[in-house]
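Observations on the three-dimensional arrangement
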Amino acid sequence: MDLGIKGFDYQRVTVDEGVALSAAVGGSGPPVVLLHGFPQTHLMWRHVAADLAADHTVICPDLRGYGASDKPADTDGARYAKRTMAADVVALARALGHDRFALAGHDRGALVAVRAGLDHPDAVTHLAALDVLPTLDMWDVLHGTTAAVGFHLYLMAQPPGLPEQLIAGSADAFFGHFLDVWTRDPEAIPADVRAAYLAASRGAVTSIVADYRASAGIDVTHDRADLAAGNRLRMPVTVLQQDWGAALGYDAVALWRAWAPDLAHRTVTCGHFMAEEAPAEVVAELRALLKR
């Protein structure tokens, strides 16, 4: 299915040995990199990217392991560490001529963005995270029966073999479940875009599982080390998220402020896929962040 962001050029950029990312690039002006979440591709940013491109250079890659980007085998347990995926993003921006850039991520992309902000503070000028908690906090707030909402996190945390087999055996049902239950406005993801997400995810089961497995292992190790060392996000940070704190019993602002002293936190009323359900609201928050 040939879908893309209208008016954007598509490039393949080598970011690591044997790994190239596919990226849509459009507009001109100060650079902004937008990272997609699960179970999606860069297409989730199509509305936001088109708006920001009026006065920014906007870069929308498919993350390593997703969409049209390369999907290396996870031979060492670190190929899908957020540290590795964040290094991809910095390398991509530099290859396109940008040593410093603003960065926004949704879902899995937000975890990559946070890691990029921690590891590359001289490159990331502003950071936005949409509808996640930092990895350590995500695991800490899931407990008892309320943890059922994150069943996929536990499934994909299992050793290689069973998760991949189970998901591949019913990929459209598995990935489609999240597109359905996490969306409050089904029309925000039209049929052709939904089909593109399912096809991309169906073709990336192994790498998607590896991405999630890393968040139950090496990503936790990296985050704990940062917490102990006092490493924090130095740049202005905006967080947009649903009111998961009320549902799961935690203070989202307090959890985020521990990582991001210069924080603007907003609770949204739309569903998880806010860049598609409420693009104008997301654009407004990103533009406000870029002025800080």
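See above for the structure.
These lines cover the structure that appears in this document, whether it is placed above or below.

**A word on the overall build of the protein chain**
- Summing up its helical and strand segments, the protein chain has 14 helices and 8 strands in all.
- Compactness check: the protein chain gives a C-alpha radius of gyration of 17 Å against a globular reference of 19 Å for 292 residues, within 12% of the reference.
- Judged by the C-alpha coordinates and their principal axes, the protein chain covers about 45 × 45 × 40 Å.
- The buried share of the protein chain, taken over its 292 residues, is 58%.
- Sequence-distant contacts, at least 24 apart, represent 75% of the contacts inside the protein chain between residues at least 6 apart.
- Each charge class in the protein chain can be summarised by its mean position, and for the 24 positive and 35 negative side chains these summaries are 3 Å apart.

**So, the nonpolar core**
- Counting 102 residues, the largest nonpolar core has Leu 34 and Trp 45 as its most contacted members.
- By residue number, the principal contributor to this core is helix H3 (residues 108–119), which donates 7 residues.
- In contact with Leu 34, other than residues within four places in its own chain, are Trp 45, Val 48, Ala 49, Leu 52, Val 58, Ile 59, Cys 60, Pro 61, Ala 104 and Leu 286.

**Quick word on the pattern of salt bridges**
- Following the criterion strictly, the structure yields 18 salt bridges and no others.
- Ionic pairing is found between Glu 285 and Arg 266, a salt bridge with its closest N-O pair at 3.5 Å. With Glu 285 in helix H14 (residues 279–290) and Arg 266 in strand E8 (residues 263–267), the pair connects residues that are 19 residues apart, well separated along the chain.
- When its relative accessible area of 17% is taken as the criterion, Glu 285 is described as buried.
- Sharing partners across several salt bridges, the network here consists of Arg 83, Arg 115, Asp 119, Asp 223 and Asp 226.

**Concerning the sheet that holds strand E6 (residues 124–130)**
- Here we have 8 strands laid out as an open sheet, ordered E1-E2-E4-E3-E5-E6-E7-E8, and mixed in their pairing. Single-partner strands in this sheet number two, and they are strand E1 (9–16) and E8. Ignoring which end each strand starts from, the neighbouring axes of this sheet average 20° apart.
- Pairing geometry for strand E3 (residues 31–35) and strand E4 (residues 57–61), over 3 bridges, is parallel. Residue pairing for E4: Val 33 is matched across the bridge by Ile 59.
- Strand contacts of helix H2 (residues 82–95): E1, strand E2 (19–26), E3, E4 and strand E5 (101–106), with the helix running at about 125° to E1, the strand carrying the most contacts.
- H3 contacts E3, E5 and E6 of the sheet and is inclined by roughly 145° relative to E5.

Analysis parameters
- Residues numbered from 1 in each chain as written.
- Predicted model: local features only at pLDDT ≥ 70, side-chain atom pairs only at ≥ 80, totals over all residues.
- Heavy atoms only, no water.
- Helix = DSSP H or I, 4+ residues; strand = E, 2+ residues; numbered from the N terminus.
- Rg over C-alpha atoms; globule rule 2.2 N^0.38 Å.
- Buried < 20%, exposed > 50% of the residue type's maximum accessible area, 1.4 Å probe, protein only.
- Contact = heavy atoms within 4.5 Å.
- Lys, Arg positive; Asp, Glu negative; His and termini not counted.
- Charge placed at Lys NZ, Arg CZ, Asp CG, Glu CD.
- Core = buried A, V, L, I, M, F, W, Y, C linked by side-chain atoms within 4.5 Å.
- Salt bridge = Lys/Arg side-chain N within 4 Å of Asp/Glu carboxyl O.
- Pairing = 2+ DSSP bridges.
- Axes fitted to C-alpha atoms, helices over the stretch in contact; angles between N-to-C directions.

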